[in-house]
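Observations on the three-dimensional arrangement
So you can see what is in the structure, the chains are spelled out below.
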Amino acid sequence: MPVTQGHGNPDWSRDETILALDLLYRHGKPVDRKHPEVQRLSEILRAAVIHPPEKRNERFRNPDGVALKLQNLFSAVEPGRGLTYSKTDFSIVTDFPLEKKNELSEVATAIRTMLTNIDDGPGGRDEVDEVFVEGRWLTARHRSRDIRLRMRLLESRRQGILRCEICDFEPPPFDRSTQESFFEAHHILPLAAAEGMRSTKVSEMVLLCACCHRFIHKLISTEARWVLPDEARNILQSGEPKASLSLQRAKLP
């Protein structure tokens, strides 16, 4: 059995556990600390900023610890194997039983992408600003659905003019496919409020140009709350990026 000697390290987060369960499902059984994918997951988790450095010791998420987590999760998937598992392990396995391994894989891929493509330099976190409000797991889960939602939203606009619902941008008269490349789908509801829904309605999405999509996510991060498109429009039209958002909110009906 792996020896982690990880006393004093933080508990595994939901994001980390999802990545471990995805690895387990892909192999069908726990793999040991020498397996390349165990070592790779260890590298990703050790490099990530999920837990503050001051709460981690030198053995944080080492290959032994990752291998042991796979065994714990295996016990949660198939109880009675002797090892204990945490409430988080049980919760993730309940949310993603084996028959949902493809859905789990989508979420895990989104989490890995965010963890391995974040630039800590100026502006480098703009694409994941909303995680500071909603949590990385919710963000990844919904982004894994956004490709399909974007197509549904664009299809609903097929007969009309494409226009950003914050800045009113309309693309040049290119072919329709090129025009659509300017736009992204954005959730009106906070991700946490939408969590648990079996599907998202097109009426709960808005079509934004890429610039306004980044802009509204930056506002969400700055305010540490969900910002609605109408509010973002008011702020943009005011021409005062640092204008009091509380004042802007007061102007809304």
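Description of the structure in this document. Owing to the predicted nature of the structure, the values given are computational and were not obtained by experimental measurement.

What counts, and at which threshold
- Residues numbered from 1 in each chain as written.
- Predicted model: local features only at pLDDT ≥ 70, side-chain atom pairs only at ≥ 80, totals over all residues.
- Heavy atoms only, no water.
- Phe/Tyr/Trp six-rings, centres within 6.5 Å; stacked < 30°, edge-to-face > 60°.
- Helix = DSSP H or I, 4+ residues; strand = E, 2+ residues; numbered from the N terminus.
- Buried < 20%, exposed > 50% of the residue type's maximum accessible area, 1.4 Å probe, protein only.
- Salt bridge = Lys/Arg side-chain N within 4 Å of Asp/Glu carboxyl O.

Applying the stated criterion to the full structure yields four aromatic pairs. A centroid spacing of 6.0 Å and a plane angle of 40 degrees characterise the contact between Phe169 and Phe183, whose relative ring orientation is tilted. Taken as a pair, Phe169 in the loop between α7 (136-156) and α8 (176-180) and Phe183 in strand β1 (residues 183-187) lie far apart in primary sequence, 14 residues in all. Overall, the relative accessible area of 27% leaves Phe169 in the partly exposed class. Among the aromatic residues, those joined into a ring-pair cluster are Phe169, Phe174, Phe182 and Phe183.

Turning next to the pattern of salt bridges. Inspection of the entire model under this criterion finds 16 salt bridges. Residue Arg14 is joined to Asp95 by a salt bridge in which the shortest nitrogen-to-oxygen separation is 2.2 Å. Linking Arg14 in helix α1 (residues 14-27) with Asp95 in helix α4 (residues 87-95), this pair joins segments that are 81 residues apart in sequence. Given the relative accessible area of 23%, Arg14 is considered partly exposed. Measuring nitrogen to oxygen at the nearest pair gives 2.6 Å for the salt bridge that ties Arg163 to Glu170. Taking the relative accessible area as the measure of exposure, Arg163 reaches 36% and is therefore partly exposed. Overlapping salt bridges, with partners in common, bring together Asp22, Arg26, Glu37 and Arg112 in one network.

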